[in-house]
Amino acid sequence: MSYHRPDQKRMQALKDMANKLRILSIKCTNASNSGHPTSCCSAAEIMSVLFFNTLRYSVSFPRDPASDRFIMSKGHCAPILYAAWQLAGLFPESELMNIRKIDSDLEGHPTPRLNFIDVATGSLGQGLGVGCGMAYSGKYFDKASYRVYCLMGDGETAEGSIWEAVAFASHYKLDNLVAIVDVNRLGQSEPTSLQHEVDLYRRRFDGFGWHAIIVDGHSVEDLCRAMHEASVVKDKPTCLIAKTLKGKGIPNIEDEENWHGKAIGAKAEEAINVINSLISDSDVPVPQEIVNDAPEVSISGIHLSEPPSYKLGEKVATRVAYGTALAKLGSSNNRVIALDGDTKNSTFAITFKKAHPERYIECYIAEQNLVSVAVGCATRDRNVAFVSTFGAFFSRAFDQIRMGAISQTKVNFCGSHAGISIGEDGPSQMALEDLAMFRTIPGAVVFYPSDAVSCERAIELAANYNGITFTRSSRPATPVLYANNENFEIGKAKIVKQSDNDAVTVIGAGVTLHEAISAANTLKGEGVNIRVVDLFTLKPIDSDTILACAKATNGKILTVEDHYYEGGIGEAVAGATGGEKDVVVRRLAVSGVPRSGPGSVLMQKFGIDSTAIVKAVKEMMA
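About the criteria used
Every residue gets a number counted from 1 within its own chain, in the order that chain's sequence is written. A pLDDT threshold of at least 70 governs which residues receive local features in this predicted model, and a stricter bar of 80 or more applies before side-chain atom pairs are shown or counted, although totals over entire chains, interfaces and linings include all residues. The side-chain figures draw on all heavy atoms in the structure; neither hydrogens nor water molecules are used. In this description a helix means any DSSP run of H or I spanning at least four residues, a strand means any run of E spanning at least two, and both kinds are numbered starting from the N terminus. For a compact globule the rule gives 2.2 Å times the number of residues to the power 0.38, and the radius of gyration it is set against comes from C-alpha atoms. For each residue, the accessible area found with a 1.4 Å probe, counting protein chains only, is set against the maximum for its type, and the residue is called buried under 20%, exposed over 50%, and partly exposed in between. By the convention used here, residues are in contact when the closest approach between their heavy atoms is within 4.5 Å. All accessibility values rest on the Shrake-Rupley procedure with a 1.4 Å probe; residue burial counts only the protein chains present in the view. For the charge count, each Lys or Arg is scored as positive and each Asp or Glu as negative, with His and the chain ends excluded. The location of each charge is read from NZ of Lys, CZ of Arg, CG of Asp or CD of Glu. Two strands form a pair only when DSSP identifies at least two bridges running between them. Interaxial angle, 0 to 180 degrees, is taken between N-to-C directions of lines fitted to C-alpha atoms, where a helix line uses only the stretch in contact. To form a nonpolar core, buried Ala, Val, Leu, Ile, Met, Phe, Trp, Tyr and Cys residues must be joined to one another through side-chain atoms within 4.5 Å. Here a crossover is taken to be right-handed if, once the strands point away from the viewer, the path from the first strand over the helix to the second is traced clockwise. The labels follow the angle: roughly parallel below 35 degrees, roughly antiparallel above 145, roughly perpendicular from 65 to 115, and oblique for the rest. A clockwise turn of the near helix away from the far one marks a right-handed crossing, whereas an anticlockwise turn of less than a right angle marks a left-handed crossing. Classification used: nonpolar for Ala, Val, Leu, Ile, Met, Phe, Trp, Tyr, Cys and Pro, charged for Asp, Glu, Lys and Arg, polar for all others including Gly. Of the two site types, the cavity is a set of points on a 1 Å grid over the protein atoms alone where a 1.4 Å probe fits but cannot get out, and the pocket is an open set with protein on both sides within 12 Å along at least five of seven lines, each lined by residues with an atom within 4 Å of a point. Grid points are joined across faces, edges and corners, and a volume is the space filled by probe spheres set on the points.

**Description of the overall build of the protein**
Part 1: Scanning the protein for helices and strands turns up 22 helices and 19 strands.
Part 2: Its C-alpha atoms give the protein a radius of gyration of 28 Å, near enough to 25 Å, the size a compact globule of 622 residues would have.
Part 3: By its C-alpha atoms, the protein is 90 × 50 × 40 Å across when sized along the principal axes.
Part 4: Going through the 622 residues of the protein one by one, you find that 61% of them count as buried.
Part 5: Taking the contacts inside the protein whose residues are at least 6 apart along the sequence as the reference set, 80% of them involve residues at least 24 apart.
Part 6: Element-wise, carbon and sulfur atoms account for 47% of the exposed surface of the protein, whose accessible area totals about 23100 Å².
Part 7: Across the protein, the mean location of the 63 positive side-chain charges is 2 Å away from that of the 71 negative side-chain charges.

**Let's talk about helix H15 (residues 398–406)**
Part 1: Three or more residues of H15 are buried, namely Gln400, Ile401, Met403, Gly404 and Ala405.
Part 2: Against the buried residues of H15 lie helix H7 (160–171), helix H14 (367–378), strand E10 (411–416) and helix H16 (434–439).
Part 3: Once H15 finishes, glutamine 408 follows within two positions and takes phi at roughly 60°, a positive value.

**Here's the deal with the sheet that holds strand E14 (residues 494–497)**
Part 1: Strand order in this open sheet of five strands is E14-E16-E15-E18-E19, and the pairing throughout is mixed. Two strands lie at the open edges of the sheet, namely E14 and strand E19 (584–590), each paired on one side alone. For this sheet the average axis-to-axis angle between neighbouring strands, irrespective of direction, equals 25°.
Part 2: Along the sheet, helix H18 (residues 511–525) contacts E14, strand E15 (505–508), strand E16 (531–534) and strand E18 (556–564); its crossing angle with E16, the most-contacted strand, is approximately 165°.

**Thoughts on unusual backbone geometry**
Part 1: Residue lysine 539 is joined to proline 540 through a cis peptide bond whose omega torsion reads -5°.
Part 2: Within the secondary structure, proline 540 sits in the loop between strand E17 (536–539) and helix H19 (543–552).
Part 3: The backbone phi angle of arginine 185 is positive, close to 80°, even though this residue is not glycine.

**Points about the nonpolar core**
Part 1: With 74 residues, the main nonpolar core has Leu128, Leu339 and Phe413 as its most contacted residues.
Part 2: Grouped together as the second largest cluster of nonpolar side chains are 51 residues, Met11, Leu55, Leu151 and Ile180 included.

**Focus on the pairing of E15**
Two faces make up the sheet, and in a regular strand the side chains alternate between them.
Part 1: What you see with E15 is no split at all: Thr505 and Ile507 on one side and Val506 and Gly508 on the other are buried throughout.
Part 2: By the bridge criterion, four bridges tie E15 to E16 in an arrangement that is parallel. Bridge pairing in E16 links threonine 505 to arginine 531.
Part 3: The parallel pair E15 and E16, bridged by H18, forms a crossover whose chirality is right-handed.
Part 4: Where E15 meets E18, three bridges bridge the pair, whose relative direction is parallel. Bridge pairing in E18 links threonine 505 to isoleucine 557.

**Considering the packing of helix H6 (residues 127–141) against H7**
Angle between the axes and distance between the axes are the two parameters that describe a pair of packed helices.
Part 1: Their axes nearest at 8 Å, the elements H6 and H7 cross at an angle of 20°. Classified by the angle between their axes, H6 and H7 sit roughly parallel to one another. Note that H6 runs across H7; the crossing there is left-handed. In this structure, H6 contributes Leu128, Gly129, Cys132 and Tyr136 to the contact, and H7 contributes Ile162, Ala165, Val166, Phe168 and Ala169.
Part 2: By residue class, the composition of the contact of H6 with H7 is eight nonpolar, one polar and no charged.

**Brief notes about the layout of surface pockets**
Leftover empty space is mapped by rolling, across the atoms, a probe with the size of a water molecule.
Part 1: Of the volumes computed, that of the largest pocket is approximately 430 Å³.
Part 2: If you trace the largest pocket, you find 17 residues lining it, with Met1, Asn53, Thr54, His228 and Ser231 closest to the centre.
Part 3: Mapped by element, the contributors of at least two residues to the lining of the largest pocket are helix H3 (44–54) and helix H9 (220–232).
Part 4: Here the element with the most residues in the lining of the largest pocket is H9; it accounts for four residues.
Part 5: Split by residue class, the lining of the largest pocket holds six nonpolar, seven polar and four charged.
Part 6: What the second largest pocket holds in volume is close to 260 Å³.
Part 7: Of the residues belonging to the lining of the second largest pocket, the class tally is five nonpolar, five polar and five charged.

**Observations regarding the sheet that holds strand E5 (residues 238–243)**
Part 1: Across the sheet, five strands lie side by side as E1-E2-E3-E5-E4; this open sheet has parallel pairing. The outermost strands of the open sheet, each flanked by one partner alone, are strand E1 (69–72) and strand E4 (211–216). Neighbouring strand axes in the sheet, compared pairwise and without regard to direction, differ in orientation by 20° on average.
Part 2: Where strand E3 (residues 177–183) and E5 come together, six bridges link them in parallel fashion. Bridge pairing links aspartate 182 to alanine 242 in E5.

**Re the packing of H14 against H15**
Part 1: Closest axis-to-axis distance for the H14/H15 pair is 8 Å, and the angle between their directions is 15°. Classified by the angle between their axes, H14 and H15 sit roughly parallel to one another. When you trace H14 past H15, the crossing you get is right-handed. For the pair H14 and H15, the contacting residues are Gln368, Val371, Ser372 and Val375 in the first and Gln400, Ile401 and Gly404 in the second.
Part 2: Along the lines of polarity and charge, the residues of the contact of H14 with H15 split into three nonpolar, four polar and no charged.

Structure representation (structure tokens):
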């Protein structure tokens, strides 16, 4: 399809829209006395050509499944994004002037509280990975015409997560993805490392297998031509490297340092007058029409295609049960997808891949991008994403997970190889901070299943939860405790051992629950009964059951966990009982950095095995 240059009238309209976007960005940031008007001004022509010549979208239904996607990765440029939607007719200019106020959803950086925002941005370097997920979903799952555009700042290309995404997009031939780098030369505190070396940016993207185009970022004609070129490129993503000036159009501020993140105050009147003098009386161009070929999907009521089928006492690792459950969910709903970072034969996501290879995404050893791609795939309720790797490795993607929560994402994480019980691989592979990390995520559910049956049911519950979930799976094979028809609920613990005269309540999960059961059997032989509680979910925690058990055991609670002391089971239980003056919580956990060795030996060494539990119970009874 050959390029047809827009006529002069449309070119002028696009120039006018760019300058109107500049003026609105200046006005609204002045109204809030904060924001990033100079960063917005460098992107004005880019935003004009995108919103009023390129993007296919609906003002009445911004999240139409068939519409093009746009991610403002340089989230501090929210004012010009809001201004574009305002000029498109979504809301009045008066509302734009409430930006950053406590009663306005037009926040300092975009969030999905707004119906035209898919993901929160502002923690730089994440938008392109999310765009990769959207584009992958569009090309391989939806098989639809919609395209994905991501606007990045030049400074954020220093982030390694950008290059993880660049590699991913090239590998999967995402020709429906267009990245735009706003090369305005200036960072927050000083010029960027490459400043205006646009050919070096081009060579970097070329080297990763992208189709890279250098454009004058302030020429609407150059931008229109480049956007068309991107639309006809096959089997490669495209990057527009747009040379721009920060503060473009603002007298005595354009291309000057020390104006990042500042409203221009008293200089606004002069700037607006100068920019306004460049505007003709042109109409607002109408957005391109949507191609309505995105399929209807349903992600509600997802269930295991068949119930768990284990024998009581049979030894099965919960990481194995994770893969089994995931494959079952994939059989019951064709929008369940799985992603992994080259650990699928350890996390057992490989079970899903074997059953549903077309819905498995290999993200390789790039955990930040792994999470971002999942968030992108889950936008607009297109897919239910399950992401797995070693629990320890999610720590390097914590910012992506945190931003996922702000993005109101529905993504499920499973971290395997939890704790010192993994044994000889050593401390670099041991997840000992993961429970603390995921407990801090607002609205998240943290599952910690202790056997195969509860693990399968946890994954089923996760698939239907409207938010982030984390399931902690274990490497060692442990006995099946529950009948296949046992019912599990979020926030409901299980009492697995109890009597009428229990001396202490012992609370564990995963491998430590089995140590607690072993300790209970030992103590029973000595005439001492203890109550053993399986938390199942660490967040929300079942405070009612914990307090009832504490009351039945003279206020004595012992927690035991294969995790560091900070932020795990012990602190969660202590928090749940903090208002009770007659409850004492003693904690057993991993203290200090562990080392390689057999898992059972390490658990003994760090005092979280059955022997340590027996000893602690006796001390609490003394």
